[in-house]
Amino acid sequence: MQNSVSVSDDLHHQPAAKRAPGSRKAAGRALVLLASLGFALVVLIQVLHTTGATGAGFSDWRPILIAYLVWAVAFGVGRVLTRGERGQRALFLLPAVFFTVAVVIFPTIFGIYIASLDWNLSSIEGPRFSGFDNLRGMLNDTYYWNALGNMVFYTVAVLGEYAIAFGLALLLSAEIRARKFFRVVFLLPMMLSPVAVSWMIGKSLLEYRFGPAATLARYLGWDNPAFFASPWMARFSIQAMDAWVSIPFIMIILLAGLQAMPKEVQEAAKVDGANGWQSFWHVTFPIMLPVSITVLIIRIIFKLKLADIVINVTAGGPGGATDTVSSFIYRVYRDRSNVGYGTALAMVYLLLIIVLLTLMLRLSKRWTQKVV
């Protein structure tokens, strides 16, 4: 109650110059409303013209850009008129807001629009509005569902990468000989492009006729060491190459966390009689949990975009068995020239990623609060 009275008193005694008069507020709101309605009307006219619903419209999208700039200026002026001095401070945030609208929100809306078109670059008819036909096609596309299933496998495999990286980080944080040398050696794969790894390992080292790995496998008794012939063997091979590139990234983040951990905590655990495993499980792992969750989420984001190794090594084969969603969408664009369908797949995949990451963030926050 005291707080509300105090806040009310502060507002009551606020200098009049910092508050906008009622007439200025009304003018500011009217300006923002008119500018927003005008911008929405221009966009609607252009969309209806592009989809063929009406003949009135513009020959290109430049009027949309001009309308957006006019709306941005009117919105800024309206904020100053409405909020007074606070509106002037808010103007400093407007460039970031407009940038976000220009590079995130507008492309997303445009992507949704493209996803509603039947637009094949090989067709002379050009784009035609098709409603939800692309989404219906996606539901019946077995190759797309196979790619989604592969993403589950590749994403779950991140836990294995994390376990290996954590072990390496613990090893390199310990007082071992030539520690700096091994740190550099373990980081080398991260410095290579996935495309280079695809050719160096997938096309040469794992080559089934003359590759060193295939030769060694024959020497050990494997008659036909074809690493990309069967679906599951090809998936494991793709995952192994991606893990080889990515484990150093996870390791270096975990190593930084271990280096920042207070030594007194581990020494106290030793004084209390904890062995190595107990010290790790009850002390090191809980303290490292925020760092672990952060690096896992970053790694999963990168994993969900996995495409370059698949495209270069197997091109999604055999029979689409190793396709990721990203590589499948790439092949829809490249092989079928189907812009509308590929964009529809991309927009649905973006929605799935947003939902997945939101759930992960909420669950990880609860788990961290419970454990730490």
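The structure presented is a predicted model; accordingly, all values stated were derived computationally and were not measured.

1. Let's talk about a nonpolar patch on the surface
Among the surface-exposed residues, Phe-181, Phe-182, Val-184, Val-185, Leu-188 and Met-191 lie close enough to one another that they form a single nonpolar patch of about 560 Å² accessible area. With respect to the secondary-structure elements, Phe-182 resides in helix 8 (residues 179–187).

2. Examining the confidence of the model for the protein
Residue-level pLDDT values for the protein average 84, and 92% of them are 70 or greater. Confidence drops under pLDDT 50 across residues 1–17; counting only partners more than four residues distant or on other chains, this segment forms five contacts.

3. Description of unusual backbone geometry
The residue after Gly-317, namely Pro-318, is reached through a cis peptide bond having omega 0°. Phi at Ala-315 is positive, roughly 55°, even though this residue is not glycine. Relative to the elements of secondary structure, Ala-315 occurs in the loop between helix 14 (308–313) and helix 15 (325–336). A positive phi angle is found at Ser-337, which is not glycine, with a value near 55°. Looking at the secondary structure, you find Ser-337 in the loop between helix 15 and helix 16 (339–371).

4. Some remarks on helix 2 (residues 22–50)
Here helix 2 is 29 residues long and its end C-alpha atoms lie 42 Å apart, about the 42 Å a rise of 1.5 Å per residue gives. Among the residues of helix 2, Gly-28, Val-32, Ala-35, Val-42 and Gln-46 are the ones counted as buried. Structurally, helix 2 contributes buried residues whose contacts are with helix 3 (62–83).

Cut-offs applied
Residues numbered from 1 in each chain as written. Predicted model: local features only at pLDDT ≥ 70, side-chain atom pairs only at ≥ 80, totals over all residues. Heavy atoms only, no water. Patch = residues over 30% accessible without salt bridge, like charges linked within 9 Å, V, L, I, M, F, W, Y side chains within 5 Å. Areas by Shrake-Rupley, 256 points an atom, 1.4 Å probe, with all protein chains shown as cover. Salt bridge = Lys/Arg side-chain N within 4 Å of Asp/Glu carboxyl O. Helix = DSSP H or I, 4+ residues; strand = E, 2+ residues; numbered from the N terminus. pLDDT = per-residue confidence, 0-100. Contact = heavy atoms within 4.5 Å. Expected span 1.5 Å × (residues − 1). Buried < 20%, exposed > 50% of the residue type's maximum accessible area, 1.4 Å probe, protein only.

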